[in-house]
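Reading the structure
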Amino acid sequence: EIDARVANVAVQLGLVSEAQRLYAGCERFDLLNQLHQAGGEWERALAVAERHDRIHLRTTFYSYAKHLESLGDIRGALEAYEKSNTHRQEVPRMLYECQQLQELEQYIASKQDKEMSKWWARYCESVGEMERACECYTAAGDFLSLVRVHCFQGNFDQAREITLESGGPAG
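Keep in mind it's a predicted model, so treat the numbers as computed, not measured.

1. Some remarks on the nonpolar core
One broad trend across soluble globular proteins is that nonpolar side chains are buried collectively. Counting 34 residues, the largest nonpolar core has M94, L95 and W120 as the members making the most contacts within it. Beyond its immediate sequence surroundings of up to four residues, L95 is in contact with I74, Q100, E103, L104 and Y107. By size, the runner-up hydrophobic cluster in this structure holds 11 residues, among which are A4, C26, L35 and V48.

2. Some details on the side chain of H36
For H36, the location among the structural elements is in helix α3 (residues 29-38). Take H36: its relative accessible area is 2%, and that puts it in the buried class. Beyond its immediate chain neighbours, meaning those up to four positions away, H36 contacts Q20, E41, R44, A45 and V48.

3. Some thoughts on the packing of aromatic side chains
A ring pair, where both rings are aromatic, is described by two values, the distance of the centres and the angle of the planes. Tallied over the full model, the rule gives six aromatic pairs. Arranged with centres 5.4 Å apart and planes meeting at 35 degrees, the rings of W42 and Y64 form a pair that is tilted. One end of the pair, W42, is in helix α4 (residues 42-51); the other, Y64, is in helix α5 (residues 57-71), and 22 residues separate them in sequence. Taken individually, W42 and Y64 each receive the classification buried, so the pair is uniform in this respect. For the ring pair Y96 and Y123, a centre distance of 5.9 Å and an interplane angle of 70 degrees mean the geometry is edge-to-face. Residue Y96 is found in helix α7 (residues 87-97), and its partner Y123 is found in helix α9 (residues 114-126); the two are separated by 27 residues along the sequence. Y96 gets classed as partly exposed once you look at its relative accessible area, which sits at 37%.

4. As for the packing of helix α2 (residues 16-25) against α3
In a pair of packed helices, the angle between the axes and the distance between the axes together describe the arrangement. Contact pair α2 / α3: the axes reach a minimum separation of 8 Å and the direction vectors enclose 155 degrees. Between α2 and α3, the interaxial angle falls into the category roughly antiparallel. The hand of the α2/α3 crossing is left-handed. From α2, V16, A19, Q20, Y23 and A24 reach across to α3, where they touch F29, L31, L32, L35 and H36.

Basis of the calculations
Residues numbered from 1 in each chain as written. Predicted model: local features only at pLDDT ≥ 70, side-chain atom pairs only at ≥ 80, totals over all residues. Heavy atoms only, no water. Core = buried A, V, L, I, M, F, W, Y, C linked by side-chain atoms within 4.5 Å. Buried < 20%, exposed > 50% of the residue type's maximum accessible area, 1.4 Å probe, protein only. Contact = heavy atoms within 4.5 Å. Helix = DSSP H or I, 4+ residues; strand = E, 2+ residues; numbered from the N terminus. Phe/Tyr/Trp six-rings, centres within 6.5 Å; stacked < 30°, edge-to-face > 60°. Axes fitted to C-alpha atoms, helices over the stretch in contact; angles between N-to-C directions. Parallel < 35°, antiparallel > 145°, perpendicular 65-115°, else oblique. Left-handed = near helix turned anticlockwise from the far one by under 90°.

Below you can see the structure in the form of structure tokens.
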């Protein structure tokens, strides 16, 4: 693809608009997407990804989320992480690092996502909030962890009851 090579040279020479035209002309939308991202043209990068470079759509949203997070736009980053389908890992990390624990708890509760509920339960357990951890493990259906917490607390009768009722790995 000679046009893609010429576009690469155009980028090196600072002829960005010419490179954009060449990438679009030879249908190298992946490179056009990268070029827009590198130039901070996020609206254009997302538009290219949505229309022509669907295979990179989620990674483009992820990169955009990281960009927004670096600017301190937590709400925008949260939305972009959701669109990149990395919110289960990235939103808790981001809100925890920003010490926005109340917002994190509200976010997790609003999503009613079992994996995120398990994450919050593990967090609650790590800071000694065992009652809240048990509530979250129950909501997530994680009976094995629930039994473990009850055993740790010495509530063996409660652990046995959960084991018998759950019929899952704890049973």
